[in-house]
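Working through the structure, step by step
For reference, the chains in residue letters:
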Amino acid sequence: MKLGIGLYRHMLTRENYRFAKQAGCTHIIAHLVDYFPTMSKDGIPATDATNNWGITSGNMEDWSYESLRKLKDEINEEGLELYAIENFDPAHWHDVLLNGPRRDEQIELLKSIIRNVGKAGIPVMGYNFSLAGVWGHTKGEFARGGAVSVGFTPSNANDQTPIPQGEVWNMTYDPQAPEGTMPQISEGELWERYTYFLKELVPVAEETGVRLAAHPDDPPMPQLRGTPRLVYQPHLFQKMLDSVPSHANALDFCMGTVQEMSEGNLYETIDQLTKQNKICYVHFRNVIGKVPEYREVFVDEGDIDMIKALRIYKKNNFDGVFIPDHTPQISCNAPWHAGMAYALGYMKAALSIVNNE
Ligand SMILES: O=C(O)[C@@H](O)[C@@H](O)[C@H](O)[C@H](O)CO
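Below, the structure is looked at part by part. Everything quoted here is computed from the prediction, not taken from an experiment.

1. Side note on the sheet that holds strand 6 (residues 147–152)
Ordered in space as 5-6-15-14, the four strands form an open sheet in which the pairing is antiparallel. Two strands lie at the open edges of the sheet, namely strand 5 (138–143) and strand 14 (286–290), each paired on one side alone. Sheet twist, expressed as the mean angle between neighbouring strand axes with direction ignored, is 35 degrees. As paired strands, strand 14 and strand 15 (residues 293–297) are joined by five bridges and run antiparallel to one another. Residue Ile288 lies in a different strand from strand 15, and its bridge partner there is Arg295.

Below, the structure is given as structure tokens:
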């Protein structure tokens, strides 16, 4: 079991690699999509019907073999491993998600990205197959001592403002899109699109030694902004994995999101999925509450018994990476770093205790 940290695109710097190393990390999960560039100061942004994660640049250079190899080499030079890239850019796969006219062209683009990831020696490609994306969080002093984090409320859950044309995955990929909103589809149609995506990409992932790691729906609502969601209850993970059975079809297992689900049991789900060796890496974060009302809190103050969870991972010989994902911002001059340092310190100690029991 390994300790890592996720770094957003604008945080992929040697200074942050050194921060990670000093905080005890051995692995990095890198985000290349240019969402919420103010993350280092303001944390995850609140999003609503008018504020999304921004306009995506669709910069292809970041996804070339040369760029990926350079990123990996820089991380290696700081004594760390680059374990995964997290999230495709909506500009590169909007018509895969929407079953639009450029779907086949974009499927080929995703295949080239996976080939580049594999050739660069990066083992995992994380993704979130979603129309509304990670949407609807509010920001507030939701954690201990009034630390700022994100939460979800019934008013967010009930906001069915339709998604405008040119937007998908909570980002704008076409600012010039015509008036109108995303056509409504059924949950079955979304599963058909997802299965097509998997059937096309899993063989390429197998060839190149890359595992595709699916993140569940965050927040785990069956519907959001009038769109269906894929994995909003724990039993749906198995449907995802059984769609195309393969070692390359795996998971980015977000403990916070699973705990937020209205059904199921987090610990049983961890046991079920680690027994199948289906988890590549874990978003090790805690929450209080469940949809439609929860708040994200410090790793040691939420509804999840994190030590109990770690014992299940160990029992089933999980050998992937744990990252804090996102954490409350500790009130000081470096709120993101302080929040991460706290979470990483807790995780380092917890892993040491559980590994030596
Ligand atoms: O980066 C974060 O902190 C989150 O927004 C992600 O965990 C997000 O849920 C995943 O990247 C979706 O794949």
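2. Brief notes about the environment of Phe298
Tracing the sequence through the fold places Phe298 in the loop between strand 15 and helix 11 (306–315). Put simply, Phe298 and Asn286 are 12 residues apart on the chain and 6.4 Å apart in space, counted from C-alpha to C-alpha. Those residues in contact with Phe298 that sit more than four places away from it in its chain are Ala143, Arg144, Ala147, Asn286, Pro328, Ile330 and Tyr342.

3. Some details on the sheet that holds strand 9 (residues 211–214)
Ordered by their spatial adjacency, eight strands build a closed barrel running 1-2-3-4-9-12-13-16, and the pairing between neighbours is parallel. Sheet twist, expressed as the average angle between the axes of neighbouring strands with direction ignored, equals 30 degrees. Bridge count for strand 1 (residues 2–7) against strand 2 (residues 27–30) is four bridges, and the pairing is parallel. Pairing of Gly4 across the sheet is with His27, part of strand 2. Taken strand by strand, helix 3 (residues 65–77) contacts strand 2 and strand 3 (81–86), and its axis lies near 140 degrees from that of strand 3.

4. A short note on the side chain of Thr257
Within the secondary structure, Thr257 sits in helix 9 (residues 255–260). Exposure remark for Thr257: the relative accessible area of 0% places this residue in the buried category. Once residues within four sequence positions are removed from consideration, Thr257 is found in contact with His215, Pro216, Asp217, Asp218, Pro220 and Arg285.

5. Focus: the nonpolar core
If you look at soluble globular proteins, the nonpolar side chains tend to sit buried side by side. The biggest cluster of nonpolar side chains holds 107 residues, and the ones touching the most others in it are Ile85, Phe197, Met255 and Tyr313. Leave out the neighbours within four places in its chain, and Ile85 touches Ala30, Leu32, Trp63, Leu68, Leu71, Val117, Ile122, Val124, Met125 and Gly126. Within the second largest apolar cluster, 10 residues are counted, among which are Ile29, Ala250, Cys280 and Tyr281.

6. Thoughts on the site of the ligand
Among the 13 residues in the neighbourhood of the ligand, the closest are listed as Tyr8, Glu86, Asn87, Asp325 and His326. His283 is positioned such that a nitrogen or oxygen atom in its side chain is 3.4 Å from an oxygen atom of the ligand. In this structure, an oxygen atom belonging to the ligand sits 2.4 Å away from a side-chain N or O atom of His326. When the ligand sits alone it has 340 Å² of accessible area, and the protein chains cover 100% of it. Of the residues contributing to the shell around the ligand, the split by class is four nonpolar, six polar and three charged.

7. Some thoughts on helix 7 (residues 187–208)
The end-to-end C-alpha distance of helix 7, which contains 22 residues, comes to 31 Å, matching closely the 32 Å that a straight helix rising 1.5 Å per residue would cover. At Leu201, helix 7 shows its maximal bend, which comes to roughly 30 degrees, and the proline Pro203 appears one to four places after that position. Inspection of helix 7 places Leu190, Trp191, Arg193, Tyr194, Thr195, Phe197, Leu198, Leu201, Val202, Val204 and Ala205 among the buried residues, and these make up the whole buried set. Looking one or two residues beyond helix 7, the residue adopting positive phi is Gly209, at roughly 75 degrees.

8. What about the packing of aromatic side chains?
Tallied over the entire structure, the rule returns 24 aromatic pairs. When the centroid spacing of 5.2 Å and the interplanar angle of 70 degrees are considered together, the rings of Phe129 and Tyr194 count as edge-to-face. Placement of the pair is Phe129 in the loop between strand 4 (124–127) and strand 5 and Tyr194 in helix 7, with a sequence separation of 65 residues. One exposure class covers both Phe129 and Tyr194, and it is buried. Centre to centre, the rings of Phe237 and Phe253 are 5.5 Å apart; their planes meet at 40 degrees, and the pair counts as tilted. Taken together, the residues span a long stretch of sequence, with Phe237 in helix 8 (residues 236–243) and Phe253 in strand 12 (residues 249–254) at a distance of 16 residues. There is no split in this pair, since Phe237 and Phe253 are both buried. A connected cluster of aromatic rings, assembled from ring pairs, spans Phe88, Trp93, Tyr127, Phe129, Trp191, Tyr194 and Phe197. Lying over the aromatic face of Tyr65, Lys119 brings its terminal NZ or CZ to 4.4 Å of the ring centre.

9. Structural notes on the pattern of salt bridges
Across all of its chains, the model carries 21 salt bridges by this definition. Notably, a salt bridge pairs Arg18 with Glu78, separated by 3.1 Å at the nearest N-O pair. Here Glu78 lies in the loop between helix 3 and strand 3 and Arg18 lies in helix 1 (residues 14–22), a separation of 60 residues in the sequence. Looking at Arg18, the relative accessible area reads 42%, which means it is partly exposed. Residue class for Glu78 comes out buried when judged on its relative accessible area of 13%.

Basis of the calculations
- Residues numbered from 1 in each chain as written.
- Predicted model: local features only at pLDDT ≥ 70, side-chain atom pairs only at ≥ 80, totals over all residues.
- Heavy atoms only, no water.
- Pairing = 2+ DSSP bridges.
- Helix = DSSP H or I, 4+ residues; strand = E, 2+ residues; numbered from the N terminus.
- Axes fitted to C-alpha atoms, helices over the stretch in contact; angles between N-to-C directions.
- Contact = heavy atoms within 4.5 Å.
- Buried < 20%, exposed > 50% of the residue type's maximum accessible area, 1.4 Å probe, protein only.
- Core = buried A, V, L, I, M, F, W, Y, C linked by side-chain atoms within 4.5 Å.
- Near = heavy atom within 4 Å.
- Polar contact = N/O pair within 3.5 Å; in protein donor to acceptor, adjacent residues only side chain to side chain.
- Areas by Shrake-Rupley, 256 points an atom, 1.4 Å probe, with all protein chains shown as cover.
- Nonpolar A, V, L, I, M, F, W, Y, C, P; charged D, E, K, R; others polar.
- Expected span 1.5 Å × (residues − 1).
- Bend = angle between axes of the 7 residues up to and from the residue.
- Phe/Tyr/Trp six-rings, centres within 6.5 Å; stacked < 30°, edge-to-face > 60°.
- Lys NZ or Arg CZ within 6 Å of the ring centre and 35° of its normal.
- Salt bridge = Lys/Arg side-chain N within 4 Å of Asp/Glu carboxyl O.

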